[in-house]
Amino acid sequence: MAVSTPEDFDVLKSKGNACFNECLYSQALSFYSDALKLKNDPIILCNRALVHLKCENFGSALSDSSAAIALNPQNTKAYYRRGMAYFALTKFTLAGRDFKKSILLSPTNHAARSRFEECKKNIKRLKFEAAISNVNIRASERLNIDDFFVGESYDGPCLDHDGKITESFIESMVVHFKNGKQIHKRFVAQILLRVKKIFEELPNICEVSIPNGSTFTICGDIHGQFFDLCNIFEINGKPTHDNTYLFNGDFVDRGSFSCEVILTLFAYKCLLPKHFHLLRGNHETNAMNALYGFQGELTQKYGKSFTSIFDEVFCTLPLGCVLSEQIFIMHGGLFSDSEITIQRLNAMDRFKEPSDNGVFSEILWSDPCDSCGKFPNKRGVGIAFGPDITKNFLNKNGLKLVIRSHEVKDQVSIFHIIAILCHRSFHEYFLGLRNSARQQFDHSFQCTKLL
């Protein structure tokens, strides 16, 4: 048997670092894990924690950063990365403690100082929201369209006072976005108010059918990639009554054009409310938007006042869809409660931020695994569920297939005995994928394309 040497450890570390720099995160995890088998090193643990953060494996990031701190209590990066994991899990008090410790160890750590201030603001916000919870005055109720004056210098598309969205408005808006311009705040507000009313009338789990002569295309995570969204419509056709789309959550964050993506999607929902479907993902939440960029982008492009309105609209998004009484579509995964039915899902209150555990968080966060049973999820939220859990859910609800997004599986993977299809749209998310993942069905419910 070959004896490992320090050089073997250094080679694995270097390969892990190289993969991380190329955004090959699954490979980086593998190299770092192999290196840790040779030496329990706090630097490698801290590096692996960072990869887990990139992959949204917040539970694993907590474990690795805590182990790094145990080996080296002066490791400022480990405190920062554990703080980031706590922040993503909305545990702002614990996150604040770690950011404060990171600042004490490295006073010039401006990122930690900024996150520490965000923690204080979030703690204050949560206390304020709890104090006024009975008042129930929403941001949308305070929004007055007439407060936004459109000046003569504005050269973009316009909406009438009633806010009715037309195909020509959307086409002009998309061109405006492609030219690097923003639409006026007045029209952003009108889109938000109109789409909010549409979402509020929908159940938690929508029942959708495919009309004769129509196709139905399901798209995974877009994550702020506006030009990818345009590419999907150019290749697959624009949304129409006969060319129906469902976008399965995670519209925003990470990419640089989340505002353009979400406004385009919301506008199409207003134009084709029964033929264009949007479901909530784990990134349509306040905590993720604060951590992964949408709030910052939104503040820069349209002002901080819009963040609370987007929060409110995201809380109206449906959580799932049953397609032609056969396929269950949701962003995340299945549930720790084996007795969950579609009826119980529809009885749940979705008009709020998801909790840390339970059905609401699981439908946004859970992931499938190869082993039978239910296990803690590496993300720190939701569960990992096996093929037996999938089979039980399908049988209990009279369904044939589950389609979900939420993670990379080498572009498109079918697993759990063809019971779950996992797909992505964001073409450079993690693995540098060039082809958007889309599943398309025709009216006879035959799969016509797997792109």
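Residues numbered from 1 in each chain as written. Predicted model: local features only at pLDDT ≥ 70, side-chain atom pairs only at ≥ 80, totals over all residues. Heavy atoms only, no water.

Quick notes on the pattern of salt bridges
Okay, so step 1: Under the defined criterion, the tally for this structure stands at 21 salt bridges.
Okay, so step 2: As a salt-bridge pair, Lys 37 and Asp 34 come within 3.6 Å of each other at their nearest N and O atoms. Of the two residues, Lys 37 and Asp 34 both sit in helix H2 (residues 25–38), three residues apart, roughly one turn of that helix.
Okay, so step 3: Looking at Lys 37, the relative accessible area reads 68%, which means it is exposed.
Okay, so step 4: A salt bridge links Glu 234 to Lys 178, with the shortest nitrogen-to-oxygen separation between them at 3.4 Å. Linking Glu 234 in helix H10 (residues 226–236) with Lys 178 in helix H8 (residues 167–178), this pair joins segments that are 56 residues apart in sequence.
Okay, so step 5: Relative accessible area serves as the criterion here: at 57%, Glu 234 is assigned to the exposed category. (Salt bridge = Lys/Arg side-chain N within 4 Å of Asp/Glu carboxyl O. Helix = DSSP H or I, 4+ residues; strand = E, 2+ residues; numbered from the N terminus. Buried < 20%, exposed > 50% of the residue type's maximum accessible area, 1.4 Å probe, protein only.)

Side note on the layout of surface pockets
Okay, so step 1: Taken as a whole, the largest pocket encloses approximately 1700 Å³ of empty space.
Okay, so step 2: Forming the walls of the largest pocket are 45 residues, and the residues nearest its centre are Arg 125, Glu 129, Asn 286, Asp 311 and Glu 353.
Okay, so step 3: The element contributing the most residues to the lining of the largest pocket is helix H7 (residues 110–131), with seven residues.
Okay, so step 4: Its residues placed into classes, the lining of the largest pocket shows 16 nonpolar, 15 polar and 14 charged. (1 Å grid on protein atoms, 1.4 Å probe; cavity = no way out; pocket = protein on both sides within 12 Å on 5 of 7 lines; lining within 4 Å. Points joined across faces, edges and corners; volume = space filled by probe spheres on them. Nonpolar A, V, L, I, M, F, W, Y, C, P; charged D, E, K, R; others polar.)

Observations concerning the sheet that holds strand E9 (residues 383–385)
Okay, so step 1: Taken in spatial order, the three strands line up as E7-E9-E8 in an open sheet, and their pairing is mixed. Where the open sheet ends on each side, the last strands, each with one partner, are strand E7 (367–368) and strand E8 (374–376). (Pairing = 2+ DSSP bridges.)

A look at the packing of aromatic side chains
Two descriptors summarise a pair of aromatic rings, namely the distance from one centre to the other and the angle between the planes of the rings.
Okay, so step 1: Taken as a whole, this structure holds 25 aromatic pairs when the rule is applied.
Okay, so step 2: A centroid spacing of 5.6 Å and a plane angle of 55° characterise the contact between Phe 20 and Tyr 25, whose relative ring orientation is tilted. In this pair, the class of Phe 20 matches that of Tyr 25, namely buried.
Okay, so step 3: With centroids separated by 6.1 Å and ring planes inclined at 85°, the aromatic side chains of Phe 233 and Phe 247 adopt a geometry described as edge-to-face. Of this pair, Phe 233 sits in helix H10 while Phe 247 sits in strand E3 (residues 243–247), and the two are 14 residues apart along the sequence. Per residue, the accessibility class of Phe 233 equals that of Phe 247, and both read buried. (Phe/Tyr/Trp six-rings, centres within 6.5 Å; stacked < 30°, edge-to-face > 60°.)

Some words on the confidence of the model for the chain
Okay, so step 1: Chain-level pLDDT for the chain is 88 on average; 88% of the residues reach the 70-or-more range.
Okay, so step 2: Contacts for the low-pLDDT stretch residues 423–437, under 50 throughout, to residues beyond four places or in other chains number 65 contacts.
Okay, so step 3: Ignoring residues within four places in sequence, the model shows residues 444–451, a span with pLDDT below 50, making 24 contacts including any to other chains. (pLDDT = per-residue confidence, 0-100. Contact = heavy atoms within 4.5 Å.)

Description of the packing of H8 against H10
Okay, so step 1: Where H8 contacts H10, the two axes come as close as 11 Å, and the packing angle between them is 135°. On the basis of their axis angle, the class for H8 and H10 is oblique. Relative to H10, H8 is oriented so that their crossing is left-handed. For the pair H8 and H10, the contacting residues are Val 174, Phe 177 and Lys 178 in the first and Phe 226, Phe 227, Cys 230 and Glu 234 in the second.
Okay, so step 2: Taken together, the residues of the contact of H8 with H10 break down into five nonpolar, no polar and two charged. (Axes fitted to C-alpha atoms, helices over the stretch in contact; angles between N-to-C directions. Parallel < 35°, antiparallel > 145°, perpendicular 65-115°, else oblique. Left-handed = near helix turned anticlockwise from the far one by under 90°.)

Things to note about the nonpolar core
Okay, so step 1: Residues Ile 183, Phe 247, Phe 266, Phe 306 and Phe 310 are the most contacted members of the largest nonpolar core, which totals 53 residues.
Okay, so step 2: Of all the elements, helix H11 (residues 258–271) adds the most residues to this core, at nine residues.
Okay, so step 3: Setting aside its immediate chain neighbours within four residues, Ile 183 contacts Tyr 154, Pro 157, Met 173, His 176, Phe 177, Val 188, Ile 191, Leu 263 and Tyr 302.
Okay, so step 4: Core analysis: the second largest hydrophobic core is formed by 45 residues, Leu 62, Tyr 80, Phe 87 and Tyr 292 among them. (Core = buried A, V, L, I, M, F, W, Y, C linked by side-chain atoms within 4.5 Å.)

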